[in-house]
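# Structure assessment
Residues per chain, in single letters:
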Amino acid sequence: MLPQYIYFISFNRTIFITAVLILLFLFSIFSKFLFTVFTIYLNIINMLVIHMNSTWGRITILEPIVELIYFSSKRESFEYLQKYISFIDVFIILHTAFVGFILYKLVRYHSLKFKPLRITSLVLIVVLLGGLIQVKGNILKLMPLSLIHDYNMVVRRGTAFKDRNEFLKKRTFEKAKNEMIYDKVVLIMGESVNKNFMGLYNDKYNTTPFFSKIKNDIYTFNAIAPATQTHLAIPLTLTETTHQDFNAFFKSKSIISDFKENDYKTYWISNQEGAGGKHESSTTTIARESDFVSFQNYDVALTNPDEVLFDVLDEIEINNSDKQMFVFHLMGSHADYDQRCTDEVILHKNPKNLLEEYQNTIYYSDFFIEELFKKFNNTNKNVLIIYTSDHGETLDENEGGHGFYDSHKESVEIPLVMYSNIKNERIEDLLSDNSNGFFNNESLYSIIKYISSISDEKFVSKSPYFISQSLENIIDYTELDYYYEHE
Ligand SMILES: [Zn+2]
């Protein structure tokens, strides 16, 4: 129980953990079986607590790790194990095996035959549990006893995604009063893009030659992500859900449905895992709102650079006057960085460190975007293209990632770039709004509706708050430091 005492620094928690420890002691007198089960349970919790605190930073609830185990696809779990299992974890497992061995010896060769003592312990157990419930309410919601409660919460959320699909089926359609001004709308959703490594935002780098070349023809915004993990950031960005009320997501449509209602044919073309995953996720339920869905990534071993998405696009006729709306969900700059680009499109052929590997992913995405621009501009139709990312990425020479409990500015500093080949005063107006601040991408949903003339209502979030790890953990971006100083 020592790790829990160390990590859960609060008076109430210390008292509660001590009560649990006394309970364990009473169990040891009352029943071998209860004692064994409870010891094994507490050891599993301790393993998770030590692991989370040594890799994610201070964390006092189980829900995020249960969520990770339950919702992660095979690829994510595999990458997670590769990246975050350290010698500390190996030590904990050995320690647990050792505890298990002692427990086995103890239970096997010792037993208590003195009946009054057992009866006394039973009475004390009842008194202790009764007292705890009296004071704390449902103690099964409290760490370290909350594993089943947390598991149920996560499963319920999984079912909620399916309920969302049902909700969307029954919903009535609403068509905008306005004429649609664009024929082709393209949203490129990057992955783990830290804008400070983009030449467009930081001229110390030559990572975005295409964007830098056309920088007078595009609108470049300062933006932060509403969350640091894909499964929270995507719904916050593409629906009207905000960080204050995430559950609104389960009763709201995404931007895909808005375009569908206005006679666009909608396409979700993804290089992230979707079709292969056994659980519905927040991203796949949004993807399924589209008329056409394609997931190109089925297995970790087969993750190809993002240009595989062109194979899908090339099968779709875009040189026509049909109204079409596309979302390209990229693998972008997700770890492992060296797998995100090809030998042909690469900035540092022999990257010296992680920073250069990461720059290669940015450079590759710039190439991908350039190709998309060409394809859509060649249609000679009215085109709107938006590029952003679900969240940022923190990294230095040796280590990188996202979704840690301790956040930095780079966890959420993302690109937001818009391009319109027709004059659009609403975008210009937004840009001047953005000139001395930043937008929170939780309002990207409303912004896209506004600039594409689906809605006349302008709603822009300048909130500094974002979600890190779990819904309760809301962080103020303006109070954070940078993780890495760009020389
Ligand atoms: Zn992500």
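Our subject is the structure listed above.
Residues numbered from 1 in each chain as written. Predicted model: local features only at pLDDT ≥ 70, side-chain atom pairs only at ≥ 80, totals over all residues. Heavy atoms only, no water.

Running from N to C, helix α3 (residues 32-55) and helix α6 (residues 87-109) cross one another at 170°; their axes reach a closest spacing of 10 Å. One finds that α3 runs roughly antiparallel with respect to α6. On α6, the residues that touch Lys32, Phe35, Thr36, Thr39, Ile40, Asn43, Met47, Ile50, His51 and Ser54 of α3 are Ile88, Asp89, Ile92, Ile93, His95, Thr96, Val99, Leu103, Leu106, Val107 and Arg108. Within the contact of α3 with α6, the residues separate by chemical class into eleven nonpolar, seven polar and three charged. (Axes fitted to C-alpha atoms, helices over the stretch in contact; angles between N-to-C directions. Helix = DSSP H or I, 4+ residues; strand = E, 2+ residues; numbered from the N terminus. Parallel < 35°, antiparallel > 145°, perpendicular 65-115°, else oblique. Contact = heavy atoms within 4.5 Å. Nonpolar A, V, L, I, M, F, W, Y, C, P; charged D, E, K, R; others polar.)

Enumeration according to the criterion identifies 26 aromatic pairs in this entry. Both rings, one in Tyr267 and one in Phe326, keep their centres 4.4 Å apart while their planes meet at 10°; by these two values the pair is stacked. Highlighted residues: Tyr267 in strand β3 (residues 265-273) and Phe326 in strand β5 (residues 324-329), separated in sequence by 59 residues. Taken individually, Tyr267 and Phe326 each receive the classification buried, so the pair is uniform in this respect. Each member of the aromatic cluster is reached from another via a ring pair, and the members are Tyr267, Phe292, Phe310, Phe326, Phe328, Phe368 and Phe376. The positively charged end of Lys375 is found above the aromatic ring belonging to Phe310, 5.0 Å away from the centroid. Of note, Lys409 hangs over the ring of Tyr482, and the distance from its end group to the ring centre comes to 6.0 Å. (Phe/Tyr/Trp six-rings, centres within 6.5 Å; stacked < 30°, edge-to-face > 60°. Buried < 20%, exposed > 50% of the residue type's maximum accessible area, 1.4 Å probe, protein only. Lys NZ or Arg CZ within 6 Å of the ring centre and 35° of its normal.)

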